[in-house]
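Results of the structural survey
Here are the chains, one letter per residue:
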Amino acid sequence: MNTGSRIYMEELQREDFENEIGDIYLSNVLSDSGVKANVHSTASGSVHELLECPVCTNSMFPPIHQCPNGHTLCSSCKVRVHNYCPTCCQELGNIRCLALEKVAESLELPCKYQRTGCSRIFPYYAKFKHELSCKFRPYGCPYAGSECLVNGDIPMLVSHLENDHKVDMHEGSTFNHRYVKSNPHEVENATWMLTVFKCYGEHFCLHFEAFLLGAAPVYMAFLRFMGEDEEAKKFSYSLEVGGNGRKLIWQGMPRSIREGHRKVRDGHDGLIIHQNMALFFSGGDGQELKLRVTGRIWKEQ
Ligand SMILES: [Zn+2]
Ligand SMILES: [Zn+2]
Ligand SMILES: [Zn+2]
Ligand SMILES: [Zn+2]
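- Under an unreviewed UniProt entry, the protein chain has the name RING-type E3 ubiquitin transferase and belongs to Apostasia shenzhenica.
- According to its UniProt record, the protein chain has this under Pathway (unreviewed entry): "Protein modification; protein ubiquitination."

Here's the deal with the overall build of the protein chain
- Counting secondary structure elements, the protein chain contains nine helices and 18 strands.
- The proportion of buried residues among the 301 residues of the protein chain is 27%.
- Intrachain contacts of the protein chain at a sequence separation of at least 6 include 60% that bridge at least 24 residues.

Looking at the pairing of strand E12 (residues 202–213)
- Within E12, nine of the twelve residues are buried, which leaves it mostly tucked inside the rest of the structure.
- With ten bridges joining them, E12 and strand E13 (residues 216–225) adopt antiparallel strand pairing. The residue of E13 that forms the bridge with Phe204 is Phe225.
- Linking E12 back to E13 in an antiparallel pair, the connection comprises two residues, with Gly214 at a positive phi of about 65°.

Looking at the nonpolar core
- Core analysis: the largest hydrophobic core is formed by 42 residues, its most contacted members being Phe204, Cys205, Ala221, Leu271 and Leu291.
- Among all residues touching Cys205, those that are not within four sequence positions of it are Pro142, Leu194, Val196, Leu223, Arg224, Met226 and Ile257.
- In terms of nonpolar packing, the next biggest core, distinct from the first, is built from nine residues, Met60, Leu73, Ala104 and Tyr124 among them.

Some points on the sheet that holds strand E4 (residues 95–96)
- Taken together, three strands build an open sheet; the order of strands is E3-E2-E4 and the sheet is antiparallel. The open sheet terminates on both sides in strands that have one partner only, identified here as strand E3 (72–73) and E4.
- Looking at chain direction, strand E2 (residues 65–66) and E4 are connected through two bridges and run antiparallel. Pairing of Gln66 across the sheet is with Ile95, part of E4.

Focus on the environment of Cys134
- The residue Cys134 is located in the loop between helix H5 (124–133) and strand E7 (139–140) in this model.
- Residue Cys134 is classed as partly exposed on the basis of its C-beta count, with 19 C-beta atoms lying within 10 Å.
- Linking Cys134 and Tyr113, residues 21 residues apart in sequence, is a C-alpha distance of 7.8 Å.
- Apart from the residues lying within four places of it in its own chain, the contact partners of Cys134 are Cys111, Tyr113 and Cys118.

Description of the UniProt feature "domain: RING-type" (unreviewed entry) in the protein chain
- Within this structure's numbering, the places UniProt gives as "domain: RING-type" (unreviewed entry) are residues 53–88.
- Taken end to end, residues 53–88 is 17% helix and 11% strand, and its two terminal C-alpha atoms sit 15 Å from one another.

With respect to the environment of Met169
- By the element assignment, Met169 lies in strand E9 (residues 168–171).
- Expressed as a C-alpha distance, the spacing of Met169 and Ser159, which sit ten residues apart in the sequence, is 9.8 Å.
- The contact partners of Met169, leaving out residues within four places of it in the chain, are Glu162, Val196 and Lys198.

Let's talk about unusual backbone geometry
- Following Pro62, the chain continues to Pro63 via a peptide bond in cis, the omega torsion being -5°.
- Positive phi is not limited to glycine here, since Asn244 has a value of about 55°.
- By the secondary structure assignment, Asn244 is in the loop between strand E14 (235–243) and strand E15 (246–252).
- When the 9 C-beta atoms within 10 Å are taken as the criterion, Asn244 is described as exposed.

Details of the environment of Tyr113
- Among the secondary structure elements, Tyr113 is positioned in the loop between strand E5 (108–110) and strand E6 (121–123).
- For the pair formed by Tyr113 and Glu131, sequence separation is 18 residues and the distance between their alpha carbons is 7.7 Å.
- Each residue touching Tyr113, except ones within four places of it in the same chain, is listed here: Cys118, Glu131, Cys134, Phe136 and Arg137.

Re the confidence of the model for the protein chain
- Taken as a whole, the protein chain shows an average pLDDT of 82; of its residues, 83% reach a score of 70 or greater.
- Overall, residues 1–6 carries pLDDT values under 50, and its contacts beyond four positions in sequence, including any with other chains, amount to 13 contacts.
- Overall, residues 12–43 carries pLDDT values under 50, and its contacts beyond four positions in sequence, including any with other chains, amount to 41 contacts.

What counts and what doesn't
- Along each chain, residue indices are assigned from 1 in the same order as the chain's sequence is written.
- By the order in which they are written, chains take letters starting at A while ligands take numbers starting at 1.
- Local features are withheld for residues below a pLDDT of 70 in this predicted model, meaning they are given only at 70 or higher, and side-chain atom pairs are given and counted only at 80 or more; totals for whole chains, interfaces and linings count all residues.
- UniProt positions are given in the numbering used here, feature names are shortened, and annotations may be inferred rather than shown by experiment.
- Runs of H or I in DSSP of at least four residues are treated as helices and runs of E of at least two as strands, each being numbered from the N terminus.
- The exposure label follows from counting other C-beta atoms within 10 Å of a residue's C-beta, where the C-beta atoms are placed from the backbone and the thresholds are 20 or more for buried and 12 or fewer for exposed, leaving partly exposed in between.
- Each residue gets a C-beta atom placed from its backbone, and two residues are in contact if those atoms lie within 7 Å.
- Note on pairing: DSSP must find at least two bridges between two strands before they are called paired.
- Each nonpolar core reported here comprises buried Ala, Val, Leu, Ile, Met, Phe, Trp, Tyr and Cys residues connected via C-beta atoms within 7 Å.
- pLDDT: the predictor's confidence for each residue, scored from 0 to 100.

Below you can see the structure in the form of structure tokens.
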């Protein structure tokens, strides 16, 4: 849902854009080894179940504990159950299940994001480390200003932004927008807008927001890339805002949506327009904010 009732955006003109169909990345193609990994997963499935903590169902890491009757549990659950086995109520003591720890060490398992395209196989302990940064892990919803917990791959998030957050979707690598706000002296952290651009076979999120930088009200615009950081670095973008014979220009690189929206904002990695300057650009009597922002996204050679 769009909270920007006080601020809205007009599209002034859509310039011609180059349709870079040739640049679509096919990163989700499952390789032959993905099929192999599937077979592997079935074979070690039962052992894998043994390594699931029966209390919290997370995968267990050393030290793996067990009660005198042989029921296993992970070390964080051991603390939580106040030293009594949740299965048989026996006192737990301090018995480690070394055998299970050794079994875990000998296991090789596919990445848990196999279904979304990762075909890699890892030793048990390395697998969990890999999964924290696997590029096939789901992305969080990039819609800022809400506590949205939706996650998924990029195509899924694009339709989620369009259908559930009613975000404006644009095709093309250039844009020319006007942000209008009727009461520009009212700046809350929640005032912001998001537009999604599709070009070069990729998706980009243009954030425009008003917030307090220290005590100073500012507007900020920045671009995020819907994909991995290494792909984001292949692009650049520029933003221009002006009026009354003055102009501010920003050139930067889009940041991956893996990085939090706040992190980009608080790192000031974008076009920052102080409110006085913004009102100056708007002309008129300062009662209405009218910011014309033009921008371009391009692919670096
Ligand atoms: Zn547990
Ligand atoms: Zn027990
Ligand atoms: Zn992976
Ligand atoms: Zn969302």
